[in-house]
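Secondary and tertiary structure notes
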Amino acid sequence: NGPLKVLILEDFHVVPLDGWLCDGQAIDSCAAVEQYLRSKVPMQDVRVKLIHTYESWTEEGVEIQLGCGISEEHFREALKF
C-alpha cells in the first residue's frame, strides 16, 4: 500500500513560520510543521508535506503579508511530493 501521504496547503492565518509554539514545539519552518504533524499520527509509515501559502515583502518601508493561495511554484512543489 505504501506510506500515508498528507499534503497541507495552509497560510496559518497569514502568519510567518517564525518560531511560534504549538504544544511547546517551536514552529519556525515547514520542516518543523511536518515533524510536528508526523509525531501526532499513530502510524509509522507517514509522509507529510506543508505548502506554506504565505508571502511577505516590504514596499516603501511597509511590510506586506499575504495569504497567497497556491502559486505555480507551490503547485510544482506539491507535485514533487
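Criteria and cut-off values
Residues numbered from 1 in each chain as written. Predicted model: local features only at pLDDT ≥ 70, side-chain atom pairs only at ≥ 80, totals over all residues. Heavy atoms only, no water. Helix = DSSP H or I, 4+ residues; strand = E, 2+ residues; numbered from the N terminus. Contact = heavy atoms within 4.5 Å. Salt bridge = Lys/Arg side-chain N within 4 Å of Asp/Glu carboxyl O. Buried < 20%, exposed > 50% of the residue type's maximum accessible area, 1.4 Å probe, protein only.

Residue position: Val15 is located in the loop between strand E1 (4-10) and strand E2 (20-22). Along the primary structure Val15 and Tyr54 are separated by 39 residues, whereas in three dimensions their C-alpha atoms are 7.3 Å apart. Once residues lying within four places of it in the same chain are set aside, the contact partners of Val15 are Trp20, His52 and Tyr54.

Looking now at the pattern of salt bridges. Should their charged atoms come close, side chains of opposite charge can pair. Per the counting criterion, the structure on display carries three salt bridges. A salt bridge links Glu72 to Arg76, with the nearest nitrogen and oxygen atoms 2.3 Å apart. Taken together, the positions of Glu72 and Arg76, both in helix H2 (residues 72-80) and four residues apart, correspond to about one turn of that helix. Its relative accessible area of 54% is what places Glu72 among the exposed residues.

The next subject is the environment of Glu63. Position of Glu63 among the secondary structure elements: in strand E6 (residues 62-67). Excluding anything up to four places from it in sequence, Glu63 contacts Ser56, Trp57 and Thr58.

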